Each structure stands twice: as C-alpha cells, then as structure tokens.
Amino acid sequence: MSTTSAEIKPGKASLLYDPKIRGYVYQFALLAVVGFLIWSAASNAIENLRAQKIASGFGFWHNAAGFDVNQKLIPFSASGSTYGQAFWVGLLNTLLVASIGIVLSTFLGFFVGVARLSSNWIVSKLAMIYVEVIRNLPLLLQLFFWYNAVLKPLPNPRQSIELPAGFLLNNRGLYVPDPQFGPGGNLIIWALLIGLVATFVFRFWARKQQAATGKQYPIGLVAFGLIIVLPLLVYFATGRPITFVYPELAGFNLRGGIQIFPEFVALLVGLTTYTAGFIAEVVRAGILAVSKGQTEAANALGLRAGPTLKLVVIPQAMRVIIPPLTSNYLNLTKNSSLAVAIGYPDLVQVFTGTVLNQTGQAVEVVAITMAVYLTISLVTSFFMNIYNKRMALVER
Amino acid sequence: MKQVIRAALIAVTAAICASGAQAQSPTLAQVKNRGILHCGSGTGLAGFGIPDQQGNWSGMDVDVCRAVASAIFNDPAKVKFIPLSAKDRFTSLQSGEVDLLSRTTTWTISRDTALGLNFAGVNYYDGQGFMVRKKLGVDSVLKLAGASICTQQGTTTELNLADYFRSNKIKYEVVAFASNQETVKAYEAGRCDAFTTDASGLYAERLTLSNPDDHMVLPEIISKEPLGPVVRHGDDVWLDIVKWSLFAMINAEELGVTKANADEMLKSDNPEVKRFVGTEGKFGEPMGLTNDWAYRIVKHVGNYGESFERNVGSGSLLKIARGQNALWTKGGLQYAPPIR
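Residues numbered from 1 in each chain as written. Chains lettered and ligands numbered in written order. Predicted model: local features only at pLDDT ≥ 70, side-chain atom pairs only at ≥ 80, totals over all residues. Heavy atoms only, no water.

The next point concerns the environment of L169 of chain A. All names here are of chain A. Within the element layout of this structure, L169 appears in strand β2 (residues 168–170). By relative accessible area, which is 22% here, L169 ends up partly exposed. Residues L169 and Q259, spaced 90 residues apart in sequence, show a C-alpha to C-alpha distance of 9.7 Å. Contacts of L169, omitting those with residues within four sequence positions, involve L154, P155, S160, I161, L163 and L174. (Helix = DSSP H or I, 4+ residues; strand = E, 2+ residues; numbered from the N terminus. Buried < 20%, exposed > 50% of the residue type's maximum accessible area, 1.4 Å probe, protein only. Contact = heavy atoms within 4.5 Å.)

Moving on, we get to the sheet that holds strand β10 (residues 173–177) of chain B. Residues and elements named next belong to chain B. Taken in spatial order, the 5 strands line up as β10-β9-β11-β8-β12 in an open sheet, and their pairing is mixed. At either end of the open sheet lies a strand with only one pairing partner, and these are β10 and β12 (215–217). This sheet shows a mean twist of 30° between the axes of neighbouring strands, independent of strand direction. Alignment of strand β8 (residues 128–133) against β12, held across 3 bridges, turns out to be antiparallel. Each bridged residue has a counterpart across the sheet, and for M131 the counterpart in β12 is V217. Contacts from helix α8 (residues 199–206) reach β8, β11 (194–198) and β12 within the one sheet, and its direction differs from that of β11 by about 125°. (Pairing = 2+ DSSP bridges. Axes fitted to C-alpha atoms, helices over the stretch in contact; angles between N-to-C directions.)

Turning next to the environment of E309 of chain B. Residues and elements named next belong to chain B. Relative to the helices and strands, E309 resides in helix α13 (residues 304–311). The spacing of E309 and R322 is 13 residues in sequence and 8.4 Å in space, taken between C-alpha atoms. Non-local contacts of E309, meaning those with residues more than four positions away in its chain, are made with S314, G315, S316 and R322.

This part covers the pattern of salt bridges. Two side chains that carry opposite charge are able to pair once their charged atoms sit near each other. Residues and elements named next belong to chain A. Applying the stated rule across the entire model yields 16 salt bridges over all chains. One salt bridge connects R135 with E132, and the closest N-O pair in it is separated by 3.5 Å. With R135 and E132 both in helix α3 (residues 121–135) and 3 residues apart, the pair spans about one turn of that helix. The exposure class of R135 is partly exposed, given its relative accessible area of 29%. (Salt bridge = Lys/Arg side-chain N within 4 Å of Asp/Glu carboxyl O.)

Let us now look at the confidence of the model for chain B. Here chain B shows a mean pLDDT of 89. Residues at 70 or above account for 93%. Low pLDDT, under 50, characterises residues 12–21 of chain B; the stretch is placed with 1 contact to residues that sit more than four places away or in other chains. (pLDDT = per-residue confidence, 0-100.)

In this structure the tally under the stated criterion is 3 cavities of 30 Å³ or more. Of the pockets and cavities examined, the largest cavity occupies roughly 350 Å³. What lines the largest cavity is a set of 32 residues, among which L45, R103, T104, Q152 and T197 of chain B lie closest to the centre. At the level of secondary structure, the elements contributing two or more residues to the lining of the largest cavity comprise α3 (60–73), β9 (148–152), α6 (156–167), α7 (180–188), β11 and α8 of chain B. With 4 residues, the single largest contributor to the lining of the largest cavity is β11 of chain B. Within the lining of the largest cavity, the residues separate by chemical class into 5 nonpolar, 20 polar and 7 charged. Its boundaries defined by the atoms lining it, the second largest cavity holds a volume of some 80 Å³. Lining of the second largest cavity is provided by 13 residues; of these, D68, V69, P345 and Q349 of chain A together with A176 of chain B occupy positions nearest its centre. (1 Å grid on protein atoms, 1.4 Å probe; cavity = no way out; pocket = protein on both sides within 12 Å on 5 of 7 lines; lining within 4 Å. Points joined across faces, edges and corners; volume = space filled by probe spheres on them. Nonpolar A, V, L, I, M, F, W, Y, C, P; charged D, E, K, R; others polar.)

In this assembly, 39 residues from chain A lie in contact with 42 residues from chain B. In total, about 3200 Å² of surface goes out of reach between chain A and chain B, with carbon and sulfur atoms giving 48% of it. For chain A, the biggest contributors to the area lost against chain B are Q52, F252 and N357 of chain A; these three give 21% of the whole. There are 2 salt bridges connecting chain A and chain B. In this structure, R172 of chain A engages D193 of chain B in a salt bridge whose closest nitrogen and oxygen atoms are separated by 3.0 Å. The tally of links from chain A across to chain B stands at 15 residue pairs in polar contact (both at pLDDT 80 or more). For the side of chain A that touches chain B, the secondary-structure elements that each account for two or more residues are α4 (139–151), α7 (262–289) and α10 (347–359) of chain A. Counting residues per element, the side of chain A that touches chain B draws most heavily on α10 of chain A, which supplies 8 residues. (Buried area = accessible area lost by both parts, 1.4 Å probe. Polar contact = N/O pair within 3.5 Å; in protein donor to acceptor, adjacent residues only side chain to side chain.)

Counting 58 residues, the largest nonpolar core has L37, W238, F276 and W293 of chain B as the members making the most contacts within it. Counting residues per element, this core draws most heavily on helix α9 (residues 236–255) of chain B, which supplies 11 residues. Sequence-distant contacts of L37 of chain B, defined by excluding residues within four places in its chain, comprise V31, C65, V68, A69, F73, K78, V79, K80, D99, L100 and W238 of chain B. The next biggest cluster of nonpolar side chains, apart from the first, holds 41 residues, and it includes F110, M318, I322 and L332 of chain A. (Core = buried A, V, L, I, M, F, W, Y, C linked by side-chain atoms within 4.5 Å.)

A separate point is the packing of helix α5 (residues 185–213) of chain A against helix α6 (residues 219–237) of chain A. Residue and element names in this part refer to chain A. Two numbers describe how α5 lies on α6: the axes approach to 8 Å, and their chain directions differ by 165°. On the basis of the axis angle, α5 is roughly antiparallel to α6. Seen along the crossing, α5 lies across α6 with a hand that is right-handed. Residues L187, I188, A191, L192, G195, L196, A198, T199, F202, R203 and A206 of α5 form the contact with α6, whose participating residues are I219, V222, A223, L226, I227, L230, P231, V234 and Y235. Considered class by class, the residues forming the contact of α5 with α6 number 17 nonpolar, 2 polar and 1 charged. (Parallel < 35°, antiparallel > 145°, perpendicular 65-115°, else oblique. Left-handed = near helix turned anticlockwise from the far one by under 90°.)

Linking two cysteines covalently via their sulfur atoms produces the bond known as a disulfide. Residue and element names in this part refer to chain B. With the rule as written, the count across this model stands at 2 disulfides over all chains. The disulfide partner of C39 is C65, and the S-S distance across this bridge is 1.8 Å. Taken together, the residues C39 in strand β1 (residues 37–41) and C65 in helix α3 connect sequence positions 26 residues apart. C39 sits in the buried class, given a relative accessible area of 0%. Residue classification places C65 among the buried residues on the basis of a relative accessible area of 0%. One disulfide bridge connects C150 with C192, the sulfur atoms lying 2.0 Å from each other. Taking the sign of the S-S torsion, 75° for the link of C150 and C192, the bridge is right-handed. (Disulfide = S-S within 2.5 Å.)

So, in structure tokens, the structure goes:
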C-alpha cells in the first residue's frame, strides 16, 4: 500500500510553511477574534436592552425635543424642534468654542512661549509663572473659577455697565449692537471679500518678486488699504447702509443686540488660557531646538532680532512645534466637553446630557457622541498633517 | 440503607423549603449575597436625601431605602447610598449599578415604559414651582416675561418649563446645569431671575441660600410631580418588595402602628394589625422575605407619617404641611392597598 505523501508536489514547500500565507492566516484569525468580540458585545447589549424592554434604535432622532437651549446658532425651539436638531445645536456650540479657542490659544501660547525666552528678566519670569500656575491646576477648577470670576462681580441687568459703542455688560452676558444691513449693505461685504482676496494675491506676487529680484514691497500697508480702507470707502459711498439695533432694558433683561453668554465667555477664557500654557512650552521647546548657529548666521548676515525670529528661527522651529501643537488642539476640543459643569450648552451638555436623559437611549447617544468627537479629532489631525508636510524639511 | 433514607429526607426537606420560597428574585438574591442594598440617591437635597457631617443619610427618599433594607436584613443601616445626578440616574439603574433608585424622581409614561423602568408607587406628591428674589417685585410666574430661569438638566422640570412658557406665550431664557448645586449657585450669583424645581425642593434650597428671607416661592404650581422609588424592568418580585415596603409604611400610619408601639402591636388582637406585623398569615414568604417584614420596617424606620414629620414636616427645618401627602382618610392622596 502506498502512502498518500505522493500528493505533495516536490520542489514546492507546503503552504503551512509559507511565511507569507501564514502571516495572512494569523492576521485573518486576529481579525476574526476582534470581530467576534465586537459582535458579541453588540448582540449582548441588544439582547439585554430587549430583555428589559428599553427602547432602542435611532427613531428618537425625529421625535420632538420639548426643551429649550439658550445659546443656539441655528433656529431651535421647544415647540417645533427634534432631538436631531438639538444635536446640531450642541455640535455647533462645541465647534464654535473650540475653533475660537484654538485661534486665541495659539496666539496667546506663541506670545507666552516667546516671552519666556526673552532676555528681559521680568518678562521671562512672568511668562514662567503663567505657565507653571496654569499648567498645574485642573481645568475643571479653572472653569469654575472663571465662571464665578466672570459672574460674581457683574451687576444685574438693571444696572448694566455701559461700554463704548453701545456695548452693555451685566451678569446675563455681554450685549453687542446687532448690525442690520440696509440696501447696498451687501456691497460692503463684497468689498471686504475682494480686499481679502486681493491682499492674498498681492502677497503671493510680492513674495515671488522678492525671491526673483530681492526688492521688498510694503505688504502690510497694502493689506490695510485693501481690507480696512476699501470697505470703509464703500460704506460711505453707499450712504452708510449699516444700522445697529442697540440692546435696551425691557422687563428683566435687555432686548435687542447680540447676547454673548457668560457661560461661553468663561469656557472660552478657561480653555484658551489653559491650552495656551501648554502651547507656550511647545513653542519654547521648538525655538530652543533650533541650533544657535542659525541665529548667529542670521546676525552675521546683518538681520535684526525681529526678522531673525520671523525668517530664520520660527520656520525651523515649526517642524518641532506642529505635531505637539496638533495634540493640544485636539485636547482643547475634547476639553470643551467640561462645559457641562458651568451650563454652556455644548454637545455633551445638550445631547449626551438632556437628550440622553429624556430618551433614555444611552447606548445610541453615547455612540453618536463618541463618533462625533472622533470625527472632529481626525479632521483636525488631517489638516494639521497636511500643514506639517508642507513645513517639513524638503530634502533633495 | 440508613444513609439513603437520611439523604432522601434531606432532599425532601430541601424541596419543601425551596417551594416555600417559590418566588425567586435575582435582585434580592444578589442583594442578600452582597449583604448590602445599593440605593441610588440624590446629590444632597434637604428633607429627601442628604448626608450629615458623619456621612449618615436622612430624608424621605432615604427612608424608603432603609425600609427595604430593614425588610431584607432587619437592619436599616445595610444600605449604601450612591449619589446620582439627575442626568445619570436612569443609566445607573438600567446598568445595574444600583438596585433601587429613590431620589425625587417623577413618574412619567416614558420613564415607566421606554426607559425600561418600573415605578413602585408614590412617596411624595409634588408639583413644580418657582423661586425669585423678593426685590424683583414679581408675584406670579406669568409676570416672568423675558426672565432668565435656572434649572437642572435632564429633569421633567426642564420640559414643564418649556411647555408652560410656550402655552402661555411668554418668552424666557433657560440656563441648564448638570447638578442641583451648580443650579442654585448660579441663581444665587444673579445669573438668573428665577430658579425652578419641585416645590418641596424650592423650600429646601431656599434655606441653603445666604439670605433665605430675600427670596420667595411664587404661588403657581405648574405641573404634577408624583415622586417615587424606581426599579428596573425584568424582576417582578423585586418590584413587589420595593412597592410593598413603601405601602407598609403608609398602611402602618393608617393602622396606627408606630416606631414606638411596634413591639406592643405584636400582641394586638386586631386582625388587620396581626396580618401587618406577621402574627397571622404568611405575606412575606411569596416575596422571599420573612413574615414579619412589615413589622421590621416600622420598628426601624417608622411609619409614613413619622418619616414625613421627621424629614420635611413639623420636626424639620422645612416645615412643609402634609397637604396632598396626608392619608386618604384625612383628605390627602396617600392610599396603600391592603395587606391581606
């Protein structure tokens, strides 16, 4: 009787011993295990929800919300709006505070970071104290501090503090005159847009000219003319079509004008100062990472301190700065969810708070919220990575 | 042979014992196993559930938990109170972190059905009210047009507020906070003109303000807020235990059984009292409890009236009148089904 080993083809190793095939098999097995775990967790949750007769699914999205939110960037009311719209209200509030916070904390962080390296003893020590104090206190405490610091000293609406240009300040917030565009008002916005684009084009052209001929053009002056003077000229030319609705006392509160809520201010100030503390250190690390020889070389070429920092040091420091800067942007966005503690209606407060509680659908609501934060973070990283690539050392 | 007979006897006895306790509640088994009841309570509301400086909890809602613990363990101290904010409470109960939720929770249809919960009766009939500063010069909710109103999010209060102002066509601004403490703090700091919650809560919170006399509660009650203990779907016997622990307190008041006279009542000839204290009938066994379960509750916690007066009534700082919470025999709404 012959053995069946004759079936193995000579000259070719068994599939069992092929490292590539084996690699695939292991990968597949791992994938299957992970998939099974996710599937069993999900089906377990669904089974338990059904056993306790808890409503599940995403049908609640279109149900009437029945509650109100004070700060809303899109129309929302208890009477006609749905839980889905409440989600968008919360999301936009999160994005609003996060985006403004990112911009402000970047400016403040760069300022403090550079100040910490200043040769002026007082300036550098003040920057150091700022960083050490802000960085070492829990953000939640800082938010409580800012909220109470913003709220407590302010008077009630009947004794509002009058600020220049019709601004009013009280413990309900800052009231800003609401601009109303009359006929021709749109032209001013167009003028502003044209000014912005023209400035951008001019800057591009001026840079190119400088690279080719070495001649410098007054970019700042041209930008001022295009962005500020041009819209102003149009404003007067069209007969001053912008009028303002000024806030005034009506009943308990002020009516008219745009209201900036104290919760928003407290959250924005808290997030900005906190994140700026970290960004300052990132900036300092980035600048110190640039070899001293670069500064000395710039000095030898006759560049003054300002241009040296702007043209030589910062561009090289950016390579070190951008990756940790991205992390800080992501942290700021995620930290904005602490808004819930001081009553700012962000995504977590409105959606994971009120909507979750009114519908009782914790699994769905929390899953959606996590997906949203993940998306925001991935999008932020994506753009920062593109920027990072552009700034990276180009090797030839 | 002898051994076989003995084994058979043991088996038969075990079977009889098991059939005596036919009702099996997984939650009860778990609580007994653990040796302590996990009770979801509020984060601190005077009169309903608040810890003192030594960490001893007291209040109307706390007494319900103590009653359940007394019925199970014959010891009102075997309760662990887990403070839950309004928005976390249902998730906590659904996920099994607490066995029972007793924290001024309003009974509504959506909570009773879609949230997978069961309400075990009403231990306090409440309604939503408003508190304002006296110097605001307002004597009615209808005069609060344009006002800022502080409230706690994730509550029926938040929804009633929207409903009431919408149906009366009054504009207002809502400022919602996650915790009760933050809400009151913001009201006190002047962020809002009015603070709204259940009327009982208003009386309790007013006393925590730095100058209680500067504030007043408006006369309108804008909603029905029947507050009661809550359990999860899926364990009917556990629902019975919690429901009847509350009913026992109310029945005790009606029967005149008090903390002080509970032991005397064991010798009573009144058949109703005999059934209550367990000297007649076997009413505890179907729930997996002892037959003197109701006696234990009154002995350790007292009857409903005692609990009311001690926590929110004349014996407390709140001085709330019985009102709707009087027994049905005295013109109130508190009415418990009979023990028989």
